[in-house]
Amino acid sequence: MPFCRGHLVEAKSRCRGDACFFVEGLRMRNARRISRGIGLMAALAGFVLVSGGAPAAWGQTFTETHKIIAADTGERDGFGHAVAISGNTAIVGAVLASPNTYMGSAYLFDAATGTELFKLSPNDAAPGDHFGYSVSISGDIAIVGARSGSAGDGSGAAYLFDAATGNELFKLTGSDTAPGDVFGHSVAIDGNLAIVGAIGHDSGGLSSAGSVYVFDVTTGTELFKFTDPDPGICST
């Protein structure tokens, strides 16, 4: 199936934990019929599952231990749109949170108890950011994508947070990010490296060929930019 470069990026998987943790996401009304399950995304670390999707599709059976909902979850917040887990900390994106503004939010939970730890919001949050569209976590560092954020022109941004305190560490943008790039559409993190997809970035003379950017999470510095050596027209 044709795809846009930068549409999905994934860091090296790590197996941690020995208890099953099932998180039920809340699917938006009128969502596309991509999934008839309970959400859209799922993440697995060892025997610990965080799901906004339907694990039955994998032919696996998981025991639900906690259902988690953010303390301030509202109607059509899109809670569960993106999920990830590392050790005993789970992160959930609510891409449409904040009534009628679609600023978005993300939440950190204790996977062992289901307790909400922190609500994450960027320091420069603005209407229409779609913060929480993508999430990832590795150890004590979490990354959240805001695919429409930054300048309000669809250029996008991503944010690094200290998962132990909920504090924002760095705002990430590509060195050549431009309007419509949708930087932050996908994110992943492993150790000291974070990677961010910009599905709408023009590359190789082609519109929306896509790019991905690698950052040092300890400094927020961009290290590399990758583009497809044989880009094609984006088709979704």
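Our structure's up above, just so we're on the same page.
None of the values given here were measured: they were computed from a predicted structure.

Cut-off values and rules
- Residues numbered from 1 in each chain as written.
- Predicted model: local features only at pLDDT ≥ 70, side-chain atom pairs only at ≥ 80, totals over all residues.
- Heavy atoms only, no water.
- Phe/Tyr/Trp six-rings, centres within 6.5 Å; stacked < 30°, edge-to-face > 60°.
- Helix = DSSP H or I, 4+ residues; strand = E, 2+ residues; numbered from the N terminus.
- Buried < 20%, exposed > 50% of the residue type's maximum accessible area, 1.4 Å probe, protein only.
- Salt bridge = Lys/Arg side-chain N within 4 Å of Asp/Glu carboxyl O.
- Pairing = 2+ DSSP bridges.
- Axes fitted to C-alpha atoms, helices over the stretch in contact; angles between N-to-C directions.
- Core = buried A, V, L, I, M, F, W, Y, C linked by side-chain atoms within 4.5 Å.
- Contact = heavy atoms within 4.5 Å.

Colleague: How would you explain the packing of aromatic side chains if you had to name every residue and give the values?
Modeller: Under the counting rule described, the total for this entry stands at 8 aromatic pairs. Both rings, one in F131 and one in Y159, keep their centres 5.8 Å apart while their planes meet at 65 degrees; by these two values the pair is edge-to-face. A residue pair is termed long-range when its members are at least 10 positions apart, and F131 in strand β7 (residues 131-138) and Y159 in strand β9 (residues 157-162) qualify at 28 residues. There is no split in this pair, since F131 and Y159 are both buried.

Colleague: Can you tell me about unusual backbone geometry, naming the residues and giving the values?
Modeller: Across residues other than glycine, the phi torsion is negative in most instances, and most of the peptide bonds are trans. Within the chain, Y102 stands out as a residue other than glycine whose phi angle is a positive 55 degrees. Despite not being glycine, H130 has its phi angle at roughly 55 degrees, a positive value. With respect to the helices and strands, H130 occurs in the loop between β6 (116-120) and β7.

Colleague: Give a detailed account of the pattern of salt bridges, specifying residues and quantitative values.
Modeller: Taken as a whole and assessed by the stated rule, the structure comprises 3 salt bridges. Among the ionic pairs, D72 bridges to K119, the shortest N-O distance being 2.7 Å. On the criterion of sequence distance, the pair formed by D72 in the loop between β2 (48-51) and β3 (79-86) and K119 in strand β6 is long-range, its members being 47 residues apart. Note on D72: relative accessible area 38%, which makes it partly exposed. Note that D176 is salt-bridged to K225, the shortest N-O span being 2.5 Å. Remark: K225 occurs in strand β14 (residues 221-227) and D176 occurs in the loop between β10 (168-172) and β11 (183-190); sequence separation between them is 49 residues. Overall, K225 belongs to the partly exposed group, its relative accessible area being 34%.

Colleague: Account for the sheet that holds strand β4 (residues 89-94), with residues named and values stated.
Modeller: One open sheet holds the 4 strands; their spatial order is β3-β4-β5-β6, and the pairing between them is antiparallel. Two strands in the sheet have a free side with no partner beyond their single neighbour: β3 and β6. Along the sheet, successive strands turn relative to each other by an average axial angle of 20 degrees, direction set aside. Where β3 and β4 come together, 6 bridges link them in antiparallel fashion. Its bridge partner being in β4, A82 is matched across the sheet by G93.

Colleague: Describe the pairing of strand β8 (residues 141-146), with residues and values.
Modeller: A large share of β8 lies buried, amounting to 6 of its 6 residues. Of the two faces of β8, the one holding I141, I143 and G145 and the one holding A142, V144 and A146 are both buried throughout. Pairing of β7 with β8 involves 6 bridges; the strand directions are antiparallel. Residue I137 lies in a different strand from β8, and its bridge partner there is A142. If you look at the hairpin formed by β7 and β8, you'll find 2 residues sitting between the two strands, and G139 has a positive phi there, around 60 degrees. Looking at chain direction, β8 and β9 are connected through 6 bridges and run antiparallel. Across the sheet, residue I141 finds its bridge partner in β9, namely D162.

Colleague: Before we move on, can you summarise the sheet that holds β8 with the specific residues and values?
Modeller: In spatial order, the strands read β7-β8-β9-β10; together these 4 strands make up an open sheet with antiparallel pairing. On the outer flanks of this sheet lie β7 and β10, each paired with one strand and no other. For this sheet, the mean angle separating the axes of adjacent strands, direction not counted, is 20 degrees.

Colleague: Requested: an account of the environment of V182, with residues and values cited.
Modeller: The topology assignment puts V182 in the loop between β10 and β11. As a C-alpha pair, V182 and A157 span 25 residues in sequence and 7.8 Å in three-dimensional space.

Colleague: Break down the nonpolar core for me, with residues and values.
Modeller: Within the largest apolar cluster, 16 residues are counted, with the highest numbers of intra-cluster contacts made by I91, L120, F131, I137 and V144. Excluding its chain neighbours within four sequence positions, the residues that come into contact with L120 are I91, S105, A106, L108, F131, V144, F161 and G166. Residues I143, F183, A198 and V217 belong to the second largest nonpolar core, which totals 14 residues.

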